[in-house]
Amino acid sequence: RTMLKLIPSLLIIWGIYFAGILMLLLFTGTAEDPAIITLELHAPLWTLALMMLGIGYCEEFFFRIYMVETMGTVLGRKAAIIISAVLFAMGHLYQGFLAVLIIFFIALGFQWIYCRYKSIHVNAVTHAIFDVISVLLKGC
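Residues numbered from 1 in each chain as written. Predicted model: local features only at pLDDT ≥ 70, side-chain atom pairs only at ≥ 80, totals over all residues. Heavy atoms only, no water.

**Here's the deal with the overall build of the protein chain**
Quick note on the threshold: A run of H or I in DSSP counts as a helix once it spans at least four residues, and a run of E counts as a strand once it spans at least two, with each numbered from the N terminus. Summary of the burial criterion: residues with accessible area below 20% of their type's maximum are buried, those above 50% are exposed, and those between are partly exposed, where the area comes from a 1.4 Å probe applied to protein chains only. Contacts are assigned to residue pairs that have any heavy atoms within 4.5 Å of one another. Areas reported here follow the Shrake-Rupley algorithm with a probe of radius 1.4 Å; residue values treat only the protein chains shown as occluding.
A tally of helices and strands in the protein chain yields 5 helices and 0 strands. Expressed as a percentage of its 140 residues, the buried residues of the protein chain come to 39%. Taking as baseline every contact in the protein chain between residues at least 6 positions apart, the subset at least 24 positions apart corresponds to 69%. A total accessible area of about 8,100 Å² is found for the protein chain, and carbon and sulfur atoms account for 74% of it.

**Overview of the pattern of salt bridges**
Which entries qualify depends on this criterion: Only one rule defines a salt bridge in this text: a Lys or Arg side-chain nitrogen within 4 Å of an Asp or Glu carboxyl oxygen.
Overall, the coordinates contain 2 salt bridges when judged by the stated rule. Across the salt bridge formed by Glu 60 and Arg 64, the nearest N and O atoms sit 2.9 Å from each other. Placement of the pair is Glu 60 and Arg 64 together in helix H2 (residues 45-75), with a separation of 4 residues, close to one helical turn. Taking the shortest distance from any N to any O, the salt bridge between Arg 77 and Glu 69 comes out at 3.1 Å.

**A look at unusual backbone geometry**
Here Lys 118, not a glycine, exhibits a phi torsion of approximately 50 degrees, which is positive. By the element assignment, Lys 118 lies in the loop between helix H4 (97-117) and helix H5 (120-137).

**A look at H4**
Here is the rule we go by: Residue count minus one, scaled by 1.5 Å, sets the expected span of a helix.
The terminal C-alpha atoms of H4 lie 30 Å apart, and with 21 residues this matches the ideal 30 Å at 1.5 Å per residue to within 8%. Lys 118 lies just past H4 and shows a positive phi near 50 degrees.

**Brief notes about the nonpolar core**
For clarity, the cut-off: We call a set of buried residues a nonpolar core when its members are Ala, Val, Leu, Ile, Met, Phe, Trp, Tyr or Cys and they connect through side-chain atoms within 4.5 Å of each other.
Membership of the largest hydrophobic core comes to 14 residues, with the highest contact counts inside it found for Phe 88, Ala 89 and Ile 103. Excluding its chain neighbours within four sequence positions, the residues that come into contact with Ala 89 are Val 100, Ile 103 and Phe 104. In terms of nonpolar packing, the next biggest core, distinct from the first, is built from 13 residues, Leu 10, Trp 14, Ile 21 and Ile 102 among them.

**Brief notes about a nonpolar patch on the surface**
We count it as follows: Patches here are clusters of residues that have more than 30% relative accessible area and form no salt bridge, with a 9 Å joining cutoff for like charges and a 5 Å cutoff for nonpolar side chains (Val, Leu, Ile, Met, Phe, Trp, Tyr).
Judged by side-chain polarity, Leu 22, Met 23, Leu 26 and Phe 27 come together as a nonpolar surface patch covering roughly 470 Å² of accessible area. As for its position among the elements, Met 23 is in helix H1 (residues 2-28). Relative accessible area serves as the criterion here: at 43%, Met 23 is assigned to the partly exposed category.

**Let's talk about the environment of Leu 93**
Summarising the element assignment, Leu 93 is placed in the loop between helix H3 (77-90) and H4. When the C-alpha positions of Leu 93 and Ile 103 are compared, they lie 9.9 Å apart, and in sequence the two are 10 residues distant.

**A short note on the packing of H4 against H5**
For clarity, the cut-off: For helices, the axis comes from a line fit to the C-alpha atoms of the stretch in contact; other axes are also lines fit to C-alpha atoms, and the angle between any two N-to-C directions lies between 0 and 180 degrees. The sense of a crossing depends on the near helix, which, turned anticlockwise from the far helix by less than a right angle, makes the crossing left-handed and, turned clockwise, makes it right-handed. Amino acid classes used here: Ala, Val, Leu, Ile, Met, Phe, Trp, Tyr, Cys and Pro are nonpolar; Asp, Glu, Lys and Arg are charged; the rest, including Gly, are polar.
Interhelical geometry of H4 versus H5 gives an angle of 150 degrees and a closest axis separation of 8 Å. The way H4 lies across H5 gives a crossing that is right-handed. On H5, the residues touching Ile 106, Phe 110, Ile 113, Tyr 114 and Tyr 117 of H4 are Ile 120, Val 122, Asn 123, Thr 126, His 127 and Phe 130. Its residues placed into classes, the contact of H4 with H5 shows 8 nonpolar, 3 polar and no charged.

**Re the packing of aromatic side chains**
Quick reminder of the rule: Aromatic rings from Phe, Tyr and Trp, taking only the six-membered ring of Trp, are treated as a pair when their centres fall within 6.5 Å; an angle between ring planes under 30 degrees marks them as stacked, one over 60 as edge-to-face, and anything in between as tilted. Here, over-ring charges are defined by two tests on the NZ atom of lysine or the CZ atom of arginine: distance to the ring centre within 6 Å, and angle to the ring normal within 35 degrees.
Under the criterion given, the structure shown has 9 aromatic pairs. Centroid distance Phe 63 to Phe 88: 5.2 Å. Interplanar angle 75 degrees. Geometry classified as edge-to-face. Taken together, the residues Phe 63 in helix H2 and Phe 88 in helix H3 connect sequence positions 25 residues apart. We note that Phe 63, like Phe 88, is buried. Here the aromatic cluster, defined as three or more aromatic residues joined through ring pairs, consists of Trp 14, Tyr 17, Phe 18 and Phe 130. The residue whose ring lies beneath Arg 64 is Phe 88, and the NZ or CZ to ring-centre distance is 4.5 Å.

Without other data, these values stay purely geometric and don't point to any function.
Quick look at the structure:
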């Protein structure tokens, strides 16, 4: 059952990502991905996938569960979700402002997925798949 939830989750996250790229095209006249980072992959693909899965679990647990639950008791759930998404996006400042903007909405998408399915596994695996595909598409 958890695996079936990955399909709509991936569609949501990729939809948000491509909507951000489309907005770039409409507002800046270029569809150049602001989050392009060039790197060379000198290890087997499975190590990249394993690393991204670890990152997915860590980030999803911290930003979607721990931060929202902890801050939510003080600030309210909606404020905690926004603050968590902002902090998640700010962690990607090295990719540029436009990437941070797109990642903010991706973070909100991940939060929605967590609220919908109540499964850290769906979020972490979706996050890992998104990251692996992103790295592979960006020229590794």
